[in-house]
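Residue-level listing of the chains:
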Amino acid sequence: MITDCLLKKDPFLSDSIVGWGVIRCSPWCLFGVFCNYEQALEFAAIPGKDYEVFWGTHRLGTSEFWCGFE
């Protein structure tokens, strides 16, 4: 998984960062987390059409990513 080094810590979860996640919902796959939307869109094209970009929180060391998709 790719993680941008400029990401900010989540102010509410000490072991997490906030950023733009490149994810596939089914089956679940977190491809990477990036500090800006444009960069995330570029990387979303690498794994394929099933990947989308969402703003959210990523728990470091895991594949967990919380976002507001429906």
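Residues numbered from 1 in each chain as written. Predicted model: local features only at pLDDT ≥ 70, side-chain atom pairs only at ≥ 80, totals over all residues. Heavy atoms only, no water.

Engineer: Please explain the overall build of the chain as it appears in this structure.
Structural biologist: Within the chain, the secondary structure is distributed over one helix and six strands. Reading the secondary structure of the chain in the N-to-C direction produces β-β-β-β-α-β-β. Computed over its C-alpha atoms, the radius of gyration of the chain comes to 11 Å, within 12% of the 11 Å expected for a compact globule of 70 residues. Counting only C-alpha atoms, the chain reaches 30 × 20 × 20 Å along its principal axes. Buried positions account for 34% of the 70 residues belonging to the chain. A sequence separation of at least 24 residues applies to 54% of the contacts in the chain between residues at least 6 apart. (Helix = DSSP H or I, 4+ residues; strand = E, 2+ residues; numbered from the N terminus. Rg over C-alpha atoms; globule rule 2.2 N^0.38 Å. Buried < 20%, exposed > 50% of the residue type's maximum accessible area, 1.4 Å probe, protein only. Contact = heavy atoms within 4.5 Å.)

Engineer: What's the story with a nonpolar patch on the surface in this structure? I'm lost.
Structural biologist: Taken together, the side chains of Phe12, Leu13 and Trp66 present a nonpolar region at the surface, about 360 Å² in accessible area. For phenylalanine 12, the position within the fold is in the loop between β2 (8–9) and β3 (16–24). The exposed category is assigned to phenylalanine 12, whose relative accessible area is 76%. (Patch = residues over 30% accessible without salt bridge, like charges linked within 9 Å, V, L, I, M, F, W, Y side chains within 5 Å. Areas by Shrake-Rupley, 256 points an atom, 1.4 Å probe, with all protein chains shown as cover. Salt bridge = Lys/Arg side-chain N within 4 Å of Asp/Glu carboxyl O.)

Engineer: Please clarify how the pattern of salt bridges should be interpreted in this entry.
Structural biologist: Any two side chains of opposite charge can pair, on the condition that their charged atoms come close. Evaluated as defined, the whole model comprises three salt bridges. Aspartate 15 is the partner of arginine 59 in a salt bridge, and the nearest nitrogen-oxygen pair spans 3.1 Å. One end of the pair, arginine 59, is in strand β5 (residues 52–59); the other, aspartate 15, is in the loop between β2 and β3, with 44 residues separating them in the sequence. Look at aspartate 15 and you get partly exposed, because its relative accessible area is 34%. For lysine 49, the salt bridge is made with aspartate 50, and the minimal N-O distance between the two is 3.8 Å. By relative accessible area, which is 77% here, lysine 49 ends up exposed. The exposure class assigned to aspartate 50 is partly exposed, which follows from its relative accessible area of 45%.

Engineer: Can you help me understand unusual backbone geometry in this one?
Structural biologist: That bond from serine 26 to proline 27 is cis: its omega, -10°, falls within 30 degrees of zero. Its location among the elements puts proline 27 in the loop between β3 and β4 (29–34).

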